[in-house]
Amino acid sequence: MNGASNAQVRPERIEFVDALRGFALFGLLMVHAAEAYGVGLSRSTDDPWGQAVFFLFGSKAFAIFALLFGFSFATIMANQRARGVDFTGRFAWRLLLLMVIGFVHSLLYSPEILRLLAFLGLLLIPLDRVRSNYALLAIAGLFFLQIPLLIQWLLAYWGNAFAASQPYFSQSGLWDIFRTGSLGELIRANMIEGNLVKWSINWSFGRVSEIAGLFAVGVVIQRTGFFARIANDRGIALAMALIAGTIFAILEFLVKPIVPGSPSGAEFAIGPFTERAILFQWIGISGIAAQIGLLALLWNSPVQWLVGLFKGPGRMTLTLYVAHSFVAVPILYQFGLGMAEVWDTQQRILLAIGFFGLQILFAHWWYARYRYGPLEWTWRAATLNDWNVPLRKNPQPA
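Scope of this entry: the structure provided in the associated data block. (Residues numbered from 1 in each chain as written. Predicted model: local features only at pLDDT ≥ 70, side-chain atom pairs only at ≥ 80, totals over all residues. Heavy atoms only, no water.)

**Looking at the environment of Trp343**
Along the chain, Trp343 turns up in the loop between helix H19 (317-332) and helix H20 (345-367). Look at Trp343 and you get partly exposed, because its relative accessible area is 25%. Note: C-alpha distance between Trp343 and Lys60 (283 residues apart in sequence) is 25 Å. Residues within four places of Trp343 in sequence aside, it is in contact with Ile331, Leu332, Arg348 and Leu351. (Helix = DSSP H or I, 4+ residues; strand = E, 2+ residues; numbered from the N terminus. Buried < 20%, exposed > 50% of the residue type's maximum accessible area, 1.4 Å probe, protein only. Contact = heavy atoms within 4.5 Å.)

What follows is the structure in structure tokens.
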């Protein structure tokens, strides 16, 4: 496994990656439905429907997105490099455009992930210049060590009051605005407070370092053609599902109960909080590895069609991810219909499943006629500064 690998992207690999991306999109929708986009359940809920969703997708769906973000970056760069094109500047511009899309999206729902992926995506540019895959995996390992959180823990131990203080997000009034604010109040709060809360959450729980590590792993996966192999090799998929699933079960059912974390308020302690955050990272990483292995097994089986249902939405994740918020927030929040106070967790999750089913049908209809999703086409055309990028498929001859 060296940095000079030139594995070609095959159709099976592309379709399996689309299915993975669609699965991650479904997972994010399920988590958001359980949480009612920030006005419903917390992760510590006793609600069985919420517990099931957080068990399956909590700290996992976003991680798959981060992994595939690195994979997609490496695919773009490799394709352009094969044409003799240095795409570095264009990719930086592409990330800036994604930040703009994320900013507009964040005015309605500030916990969204696009800005975080776009900003941290700048790390992919220097990572692409590391030609050794072993070195990239070592870099990923350093990110997964959560060194910034460990330094903060050490500073707190040495008496630094700021390092020992309770995270900013836990003391924010943003959640009250989510529940009761007008549309104008929500937008104003999301512009500033929402950003502070978002970065506080992602820093405090180690997601900044985790995403960076997953980016590096995604690059290695692309270079080695791993998704192409696992989608066609049941042995690799089974081994991955069993090994990762075993690690996940040990962490989730044996280790997690003895790492309680820290209470909030005056009894908050940074040490137990950091221990819990690092544990959740490894639960998430082992969880997505097991899920990818299981999905690959299903992909290479008579029920491939079941995983294939996610392919269509997986090709327009940007469009659908943004659309989720623009549909759900006005329905759930008080400035709109206020249905978060009417629907319980079970109803929200079942409605979200039905909503995703409609998106599968829409994606199938759309891609029978068009090459890209609406926002995907806009992002691509703006990246290339070419508004003649074909959107509609060529009509078939009679």
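Having seen the model, we can carry on.
**With respect to the packing of helix H3 (residues 61-82) against helix H13 (residues 207-224)**
Here H3 crosses H13 at 45 degrees, and the two axes come no closer than 7 Å. Comparing their axes, H13 and H3 come out oblique. As H3 packs across H13, the resulting crossing turns out to be right-handed. Counting all contacts with H3, which are made through Phe62, Ala63, Ala66, Leu67, Phe69, Gly70, Phe71, Phe73, Ala74, Thr75 and Ala78, the residues of H13 involved are Arg207, Glu210, Ile211, Leu214, Phe215, Val217, Gly218, Val219, Ile221 and Gln222. Grouping the constituent residues of the contact of H3 with H13 by class yields 15 nonpolar, four polar and two charged. (Axes fitted to C-alpha atoms, helices over the stretch in contact; angles between N-to-C directions. Parallel < 35°, antiparallel > 145°, perpendicular 65-115°, else oblique. Left-handed = near helix turned anticlockwise from the far one by under 90°. Nonpolar A, V, L, I, M, F, W, Y, C, P; charged D, E, K, R; others polar.)

**What to know about helix H7 (residues 133-144)**
The terminal C-alpha atoms of H7, which comprises twelve residues, lie 16 Å apart, in line with the 16 Å expected from a rise of 1.5 Å per residue. Those residues of H7 not exposed but buried are Asn133, Leu136, Ala140 and Phe144. All buried residues of H7 fall inside an arc of 85 degrees around its axis, so they share one side. Here the buried face of H7 lies against helix H6 (124-128), H13 and helix H16 (270-299). Taking the backbone nitrogen of Tyr134 as reference, a side-chain oxygen 3.3 Å away marks Ser132 as the first, capping residue of H7. Note on H7: the residue one or two positions beyond its end, Gln146, has a positive phi of about 60 degrees. (Expected span 1.5 Å × (residues − 1). Arc of directions from axis to C-beta. Polar contact = N/O pair within 3.5 Å; in protein donor to acceptor, adjacent residues only side chain to side chain.)

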